[in-house]
Amino acid sequence: MKTITFVFFFFHFLTVSLAHPGMKRQHYPCKNLVLYFHDVLYNGQNAFNATSAIVGAPQWGNHTILADKFHFGNIVVFDDPITLDNNFHSVPVGRAQGMYIYDTKNTYTAWLGFSFVLDNAQHKGTINFIGADPIMVKSRDISVVGGTGDFFMHRGVATIMTDSFEGEVYFRLRVDIKFYECW
Amino acid sequence: MKTITFVFFFFHFLTVSLAHPGMKRQHYPCKNLVLYFHDVLYNGQNAFNATSAIVGAPQWGNHTILADKFHFGNIVVFDDPITLDNNFHSVPVGRAQGMYIYDTKNTYTAWLGFSFVLDNAQHKGTINFIGADPIMVKSRDISVVGGTGDFFMHRGVATIMTDSFEGEVYFRLRVDIKFYECW
Amino acid sequence: MKTITFVFFFFHFLTVSLAHPGMKRQHYPCKNLVLYFHDVLYNGQNAFNATSAIVGAPQWGNHTILADKFHFGNIVVFDDPITLDNNFHSVPVGRAQGMYIYDTKNTYTAWLGFSFVLDNAQHKGTINFIGADPIMVKSRDISVVGGTGDFFMHRGVATIMTDSFEGEVYFRLRVDIKFYECW
């Protein structure tokens, strides 16, 4: 009888801990994805190849003198190919779609709001992200706030690294998506 | 004694499953709402009736040649009435407020960030959405990432359907909101 | 035996309630933070001190006549200092970075998408917010949709109050952040 009671309370302690929203849960991902996306910024000449463009405060028609300062206030809309490796010419597995906003006067930082739209043999569904991106930092974390399809109701954290860039036209980002709520 | 032990572990298995963030949970909504919202885009002549306007890269003062391509880069801000049925003249139960961004060069897609602000006999509170909207697809899913008031801490998935449209001025959207976390 | 069975089911009822996503959970915060942030809007003369600027539909080059109506359609990008008290001159503990969009024609309301980037002795990490902001209402709630670092995976509700303002240039906001999922 005593053993049963002990086991009973021991398990209850565990269960209540996991269930209680204010307590520590296990911090290993239930799913992990590493993907790359490739941003080719419109520079006035590359309309065919460009995957993104400054739309909020265009450099060539700049309404505020603040935009000279690390692009402050520039809004960039993008539709970038996503690949499984770091090769720009690999077959895309989806598109990264949304926007980023340059939001500091004295360094490069951005605020991100975008989605991964995946449609391939492995994954069909969308992953939704928002967060602050201190671009000059090697590795920075943003939030995975929701998902649909294969990523139904998922939440997590995505670590972004600038994998490569060429001037102000090409940026390649490595995104390490760690889901901690998978459903 | 054996029966009790069996029941005990059976229930524990259930409870731990539900509580563990990395495991499958039940996929039926804890709450469901079907609402319509009505977007009347500003076309230069309808300032009184318009509920939304292109602000990022205006068509009539277009800074990038990309905007000719399926409105790429256009940012639209909206404050649209929400109704319980598909009648534009029904008494609104709230407002859909936020923005969408056209984000593809070769088809119509948008990125959405907006809130439902509900204030009526049935519902008081806000519901916050983000996600990718492949406009030409009949039914598309976005994330419900949070809520306040009656929708305190809610999460879920919203299915959007273009219920009707007239040219490029009037769009009626049906939104089937399925909450899977209700608190 | 009867007592044990009773206790057993009583506790199970509690646990299942807490774990089941569709059921009421306890509504007291697992963590609480009160912070202030200070928005100094660019007015054409204060580039040095300004922490934010209208970029989407600038007042001085307004593309739509709707913007006369309570700034409808104006997009403001900001990088505002965060302080522990309501003194603008206190040492900042981080930055509030992101955007707000004026989104009503007949009153002042905004849609918010931003992050708190905290980097101090007490807190290192980011907190991500979205939501509707009916500016003229004394106290309004938005969603905390995720976090990183010390705020890993956190969710909650933030109550925003306009603590002070001077004309259309200086706004001080008090933010009472209540986390209900803390990990």
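Keep in mind it's a predicted model, so treat the numbers as computed, not measured. (Residues numbered from 1 in each chain as written. Chains lettered and ligands numbered in written order. Predicted model: local features only at pLDDT ≥ 70, side-chain atom pairs only at ≥ 80, totals over all residues. Heavy atoms only, no water.)

(A) Examining the environment of C:Asp150 more closely. Residues and elements named next belong to chain C. Mapped onto the secondary structure, Asp-150 falls in the loop between β7 (139–149) and β8 (155–166). Sequence separation between Asp-150 and Phe-37 is 113 residues, and the spatial gap between their C-alpha atoms is 20 Å. Those residues in contact with Asp-150 that sit more than four places away from it in its chain are Lys-31, Gln-122, His-123, Lys-124 and Gly-125. (Helix = DSSP H or I, 4+ residues; strand = E, 2+ residues; numbered from the N terminus. Contact = heavy atoms within 4.5 Å.)

(B) Just the pattern of salt bridges, in detail. In total, this model carries 18 salt bridges over all chains according to the counting rule given. Here C:Glu181 and A:Arg155 are joined by a salt bridge, their closest N and O atoms 3.7 Å apart. Residue C:Glu181 is found in strand β9 (residues 170–181), and its partner A:Arg155 is found in strand β8 (residues 155–166); the two belong to separate chains. Each member of the pair, C:Glu181 as well as A:Arg155, carries the same accessibility label: buried. The network of salt bridges with common partners includes A:Arg155, A:Glu181, B:Arg155, B:Glu181, C:Arg155 and C:Glu181. (Salt bridge = Lys/Arg side-chain N within 4 Å of Asp/Glu carboxyl O. Buried < 20%, exposed > 50% of the residue type's maximum accessible area, 1.4 Å probe, protein only.)

(C) Inspection of the packing of aromatic side chains at higher detail. All names here are of chain C. This model, assessed by the stated rule, comprises 45 aromatic pairs over all chains. A ring pair is formed by Phe-78 and Phe-114, whose centres lie 5.8 Å apart and whose planes are at 55°; its orientation type is tilted. Of the two residues, Phe-78 is situated in strand β3 (residues 75–83) and Phe-114 in strand β5 (residues 110–119); the sequence distance between them amounts to 36 residues. According to the relative accessible area criterion, Phe-114 is buried, its value standing at 0%. Ring geometry for Phe-88 and Tyr-170: centres 5.6 Å apart, planes at 75°, overall edge-to-face. Residue Phe-88 is located in the loop between β3 and β4 (94–102), and its partner Tyr-170 is located in strand β9; the two are separated by 82 residues in the primary sequence. Since its relative accessible area comes to 35%, Phe-88 is described here as partly exposed. Note on Tyr-170: relative accessible area 9%, which makes it buried. (Phe/Tyr/Trp six-rings, centres within 6.5 Å; stacked < 30°, edge-to-face > 60°.)

(D) Fine view of the nonpolar core. Ranked by size, the top nonpolar core spans 39 residues in total, and within it A:Met99, B:Met99 and C:Met99 carry the most contacts. Mapped onto this core, the elements with two or more residues apiece are β3 (75–83) and β4 (94–102) of chain A, β3 (75–83) and β4 (94–102) of chain B together with β3 and β4 of chain C. With residues up to four places along the chain from it excluded, the contact list for C:Met99 reads A:Met99, A:Ile101, A:Trp111, B:Met99, C:Val76, C:Val77, C:Phe78, C:Trp111, C:Leu112, C:Gly113 and C:Phe114. (Core = buried A, V, L, I, M, F, W, Y, C linked by side-chain atoms within 4.5 Å.)

(E) Inspection of the confidence of the model for chain A at higher detail. Residues and elements named next belong to chain A. The predicted model of chain A has a mean per-residue pLDDT of 82, with 79% of residues at 70 or higher. Segment residues 1–24 is flagged for pLDDT under 50; beyond a separation of four residues in sequence, or across chains, it makes 47 contacts in the model. Per-residue pLDDT stays below 50 along residues 58–63; that stretch engages in 15 contacts with residues further than four places along the chain or on separate chains. Interface scoring of the predicted complex returns ipTM 0.82; its pTM is 0.84. (pLDDT = per-residue confidence, 0-100.)

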